[in-house]
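Structural overview
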Amino acid sequence: MFLVIFAMLAGASLAIYILHERRQKQTLQRLLAQEAVRQEIEKIRHSTPDVTAQLQLIRNKYHISTGTAIMLRDRADG
């Protein structure tokens, strides 16, 4: 009985993780497709020397998670 419950919880956790990763990827692709977003990220990178501050600005501007902000910042260069 315990193993059945554990397997169900593990399956649910995996499903939630997969959905989160898919959503994060879609958000990243949508933002990177916009030239204005790329230009804004470049402005933030050049105007703010502190990486933590850059990520905070990106997170707040686009309402995204830290992981997505890191990927967006890294991939905005092209």
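Residues numbered from 1 in each chain as written. Predicted model: local features only at pLDDT ≥ 70, side-chain atom pairs only at ≥ 80, totals over all residues. Heavy atoms only, no water.

**Considerations on helix 4 (residues 66-75)**
- If you check which residues of helix 4 are buried, you get Thr-68, Ala-69, Leu-72 and Arg-73. The buried residues of helix 4 occupy an angular sector of 135° when projected down its axis, which confines them to one face.
- Where helix 4 is buried, its residues meet helix 1 (2-32), helix 2 (35-47) and helix 3 (51-62). (Buried < 20%, exposed > 50% of the residue type's maximum accessible area, 1.4 Å probe, protein only. Helix = DSSP H or I, 4+ residues; strand = E, 2+ residues; numbered from the N terminus. Arc of directions from axis to C-beta. Contact = heavy atoms within 4.5 Å.)

**Looking at the confidence of the model for the protein**
- With 99% of its residues at a pLDDT of 70 or more, the protein shows a mean pLDDT of 90.
- Ranking the elements of the protein by mean pLDDT puts helix 4 last, at 90, and helix 3 first, at 93. (pLDDT = per-residue confidence, 0-100.)

**Considering the packing of aromatic side chains**
- On inspection of all chains with the given rule, the structure shows one aromatic pair.
- Look at Phe-2 and Phe-6: their rings are 6.4 Å apart centre to centre, the planes differ by 25°, and that puts the pair in the stacked class. A residue pair is termed a helical-turn pair when its members lie 3 or 4 positions apart in one helix, as Phe-2 and Phe-6 do in helix 1 at four residues. A single burial state applies to Phe-2 and to Phe-6, both of which are exposed.
- In this structure, Lys-61 packs its charged tip against the face of Tyr-62, placed 5.9 Å from the ring centre. (Phe/Tyr/Trp six-rings, centres within 6.5 Å; stacked < 30°, edge-to-face > 60°. Lys NZ or Arg CZ within 6 Å of the ring centre and 35° of its normal.)

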